[in-house]
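Given next are the chains, with one letter for each unit.
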Amino acid sequence: MKISRRSHVPPFAVMQVLAAANERRAAGNDVLNLCAGEPSTGASDVVRERAADLLRHADLGYTEAMGVPALRAEIAGHYRRWYDVDVDPGRVAVTTGSSGGFLLAFLAAFDVGDRVALARPGYPAYKNILAALGCEVVELDCGPETRYQPTVSQLMEAYYGGGLDGVVVASPANPTGTMITPAELAAVASWCGEHDVRLISDEIYHGIAYSDDVQQSTAAMYADAGAVVVNSFSKYWAMTGWRLGWLVLPEELVGPVNALAGNVALSPPALAQHAGIAAFSPDGYAAAAGNVARYAASRAALLDRVDELGWRPVAPADGAFYLYGNVSRYLDAVGGDSVAYCSRLLAEADVAITPGADFDGVAGGEWVRLSFAASPDVVARAVDRIVAWQRTL
């Protein structure tokens with residue numbers, strides 16, 4: 001039987017590494033898992049307690065396609081508290097994780113054949129979803145000279161080189177952790193507005209930042225220029241498996257996303273929505289801030305040992321919880337690329353990290369991503385093992 005061409009997208013290698021790590025752990029091995037971008041703490045107590053109460057007493061049937069009004073209002077309130085931006089709750093769409101948000105945003109904003117630019121290295125699901133929807137992905141080679149973020153000059157080159165219908169930016173970014181300054185974001189957003197190019201801003205790591213020099217901003221303030229914001233409860237609030245995210249939409253996309261959402265998933269998970277309201281309580285914010293303090297401690301300890309690891313260069317880890325480093329000096333010894341490096345590291349040292357090939361189809365064979373979302377102790381033990389293993393190569 002026929003298989004659609006649109007389904008021919010590469011699998012996400014991090015999930016394969018995660019499966020292999022779980023298999024080794026099930027066999028009794030002491031695996032240190034630093035491959036997935038998943039906070040080790042899980043949801044805060046206030047969210048868990050609210051969920052338990054809801055399971056006992058609430059009606060958890062279908063909700064509105066764009067989410068329960070109370071949660072949409074809380075999300076709008078979050079933008080007032082954090083960014084001093086007024087967002088109409090009617091422009092907020094609750095989604096099944098940020099992944100569901102990207103699907104809805106891309107379906108509503110782009111047609112088959114549209115050209116959409118994004119940074120390389122970058123999160124692979126962007127280009128894979130776009131490709132499956134029939135869009136043409138325009139990869140922008142973003143290295144240390146641009147701090148791994150797209151620039152207006154790169155967008156202009158892509159625009160005049162064949163047209164451009166959209167651009168996806170991420171700040172902090174996965175896998176690099178780099179951030180866009182408010183001035184840079186304003187320049188990109190202004191350029192997109194002037195050239196009728198749809199800006200999609202991935203902000204799921206907002207709140208996880210380590211430098212006062214690079215302040216976070218939000219593309220929500222550029223909604224009048226057609227920008228779409230994607231966010232999630234998964235990272236800052238450590239609610240990965242709850243599958244709860246949101247979009248902030250420009251007015252012209254509210255109707256299309258509402259119609260698409262009702263057809264694609266009927267509604268986001270009801271339990272997660274009602275419990276997620278508690279994430280915006282003082283206790284919810286405090287728990288998330290405590291997690292960020294732990295990530296900062298892990299990051300500081302990790303950066304102190306970069307020379308010992310021998311991963312050079314590394315991307316500036318401004319935010320999120322990743323170290324993206326070059327391991328080319330070890331590749332001859334492992335007999336392959338970063339996939340071989342990660343495979344042998346797991347098999348011989350029981351440490352799971354992610355090959356850069358997931359994030360960069362050109363140079364990613366020389367890079368790896370390590371997630372420091374685990375506790376500082378686990379990160380330190382993992383680095384000990386990596387350093388010792390590399391000495392045997």
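Everything that follows concerns the structure shown earlier in this document.
Cut-offs used in this document
- Residues numbered from 1 in each chain as written.
- Predicted model: local features only at pLDDT ≥ 70, side-chain atom pairs only at ≥ 80, totals over all residues.
- Heavy atoms only, no water.
- Helix = DSSP H or I, 4+ residues; strand = E, 2+ residues; numbered from the N terminus.
- Buried < 20%, exposed > 50% of the residue type's maximum accessible area, 1.4 Å probe, protein only.
- Contact = heavy atoms within 4.5 Å.
- Expected span 1.5 Å × (residues − 1).
- Pairing = 2+ DSSP bridges.
- Axes fitted to C-alpha atoms, helices over the stretch in contact; angles between N-to-C directions.
- Parallel < 35°, antiparallel > 145°, perpendicular 65-115°, else oblique.
- Left-handed = near helix turned anticlockwise from the far one by under 90°.
- 1 Å grid on protein atoms, 1.4 Å probe; cavity = no way out; pocket = protein on both sides within 12 Å on 5 of 7 lines; lining within 4 Å.
- Points joined across faces, edges and corners; volume = space filled by probe spheres on them.
- Nonpolar A, V, L, I, M, F, W, Y, C, P; charged D, E, K, R; others polar.
- Phe/Tyr/Trp six-rings, centres within 6.5 Å; stacked < 30°, edge-to-face > 60°.
- Core = buried A, V, L, I, M, F, W, Y, C linked by side-chain atoms within 4.5 Å.
- Right-handed = clockwise from strand over helix to strand, strands pointing away.

Caption draft 1: Main features of the environment of Val92. Mapped onto the elements, Val92 comes out in strand β2 (residues 92-95). Using a relative accessible area of 0% as the deciding quantity, one classes Val92 as buried. Put simply, Val92 and Tyr148 are 56 residues apart on the chain and 29 Å apart in space, counted from C-alpha to C-alpha. Setting aside its immediate chain neighbours within four residues, Val92 contacts Met66, Arg72, Ile75, Val87, Trp246 and Leu247.

Caption draft 2: Representation of helix α3 (residues 69-83) within the structure. Relative to the 21 Å expected for 15 residues at 1.5 Å per residue, α3 spans 21 Å between its end C-alpha atoms, a close match to the ideal helical length. Taken together, the buried positions of α3 are occupied by Leu71, Arg72, Ile75, Ala76, Gly77, His78, Tyr79 and Tyr83. Looking at the buried residues of α3, the elements they touch are β2, β7 (228-232), β8 (245-248), α9 (270-276) and α10 (282-303). Looking at the residues trailing α3, positive phi occurs at Asp84, about 55°.

Caption draft 3: How the structure looks around the sheet that holds strand β11 (residues 354-355). Sheet architecture is open: three strands sit in the order β9-β12-β11, paired in antiparallel fashion. Here the strands that pair on one side only, and so sit at the sheet edges, are β9 (322-326) and β11. Note that β11 and strand β12 (residues 367-371) share two bridges and pair antiparallel. By the bridge assignment for β12, Thr354 is matched with Arg369.

Caption draft 4: Examining the packing of helix α4 (residues 97-109) against helix α5 (residues 124-132) more closely. Two numbers describe how α4 lies on α5: the axes approach to 10 Å, and their chain directions differ by 40°. As judged from the angle between their axes, α4 and α5 are oblique. Read as a crossing pair, α4 and α5 show a hand that is right-handed. Here α4 contributes Phe102, Leu103 and Phe106 to the contact with α5, which in turn contributes Tyr126, Ile129 and Leu130.

Caption draft 5: Examining empty space enclosed by the protein more closely. Applying the stated criterion across every chain yields a total of four cavities of 30 Å³ or more. Empty space within the largest cavity amounts to approximately 100 Å³. The wall of the largest cavity is formed by 16 residues, among which Ala119, Pro121, Gly122, Tyr126 and Ala170 lie closest to the centre. At the level of secondary structure, the elements contributing two or more residues to the lining of the largest cavity comprise β3 (115-120) and β5 (166-170). Ranked by residue count, the leading element in the lining of the largest cavity is β5, at three residues. The residue makeup of the lining of the largest cavity, split by class, is twelve nonpolar, four polar and no charged.

Caption draft 6: Geometry of helix α13 (residues 338-349). A rise of 1.5 Å per residue sets the reference length of α13, with its twelve residues, at 16 Å; its end C-alpha atoms lie 16 Å apart and thus fit the reference within 8%. Listed in full, the buried residues belonging to α13 are Ser338, Ala340, Tyr341, Cys342, Leu345, Leu346 and Ala349. At the C-terminal side of α13, Asp350 shows a positive phi close to 55°.

Caption draft 7: Fine view of the packing of aromatic side chains. Counted by the stated rule, this structure contains 30 aromatic pairs. Considering the side-chain rings of Phe321 and Tyr322, the 5.2 Å spacing of their centres and the 70° angle between planes classify their relative orientation as edge-to-face. When sorted by exposure, Phe321 lands in the same class as Tyr322, which is buried.

Caption draft 8: Structural detail: the nonpolar core. Of all hydrophobic cores here, the largest spans 89 residues; its most connected members are Trp237, Trp311, Tyr341 and Ile353. Tallying contributions element by element places helix α14 (residues 376-391) first for this core, with six residues. Look past the residues within four positions of Trp237 in its chain and what remains in contact with it is Gly42, Ala43, His78, Ser232, Trp246, Ala279, Phe280, Gly284, Tyr285 and Ala288. Counting 28 residues, the second largest nonpolar core, distinct from the first, contains Ala125, Tyr126, Leu249 and Ala261.

Caption draft 9: Inspection of the pairing of β5 at higher detail. β5 sits mainly inside the fold: five of its five residues count as buried. Side-chain alternation along β5 places Gly166, Val168 and Ala170 on one buried face and Val167 and Val169 on a second face that is also buried. Where β3 lies against β5, three bridges are found, and the strand directions are parallel. Across the sheet, Leu118 pairs through a bridge with Val168, a residue of β5. With five bridges joining them, β5 and strand β6 (residues 198-202) adopt parallel strand pairing. Across the sheet, residue Val168 finds its bridge partner in β6, namely Ile200. You can see the chain leave β5, run along helix α7 (residues 182-194) and come back into β6, and the turn it takes is right-handed.

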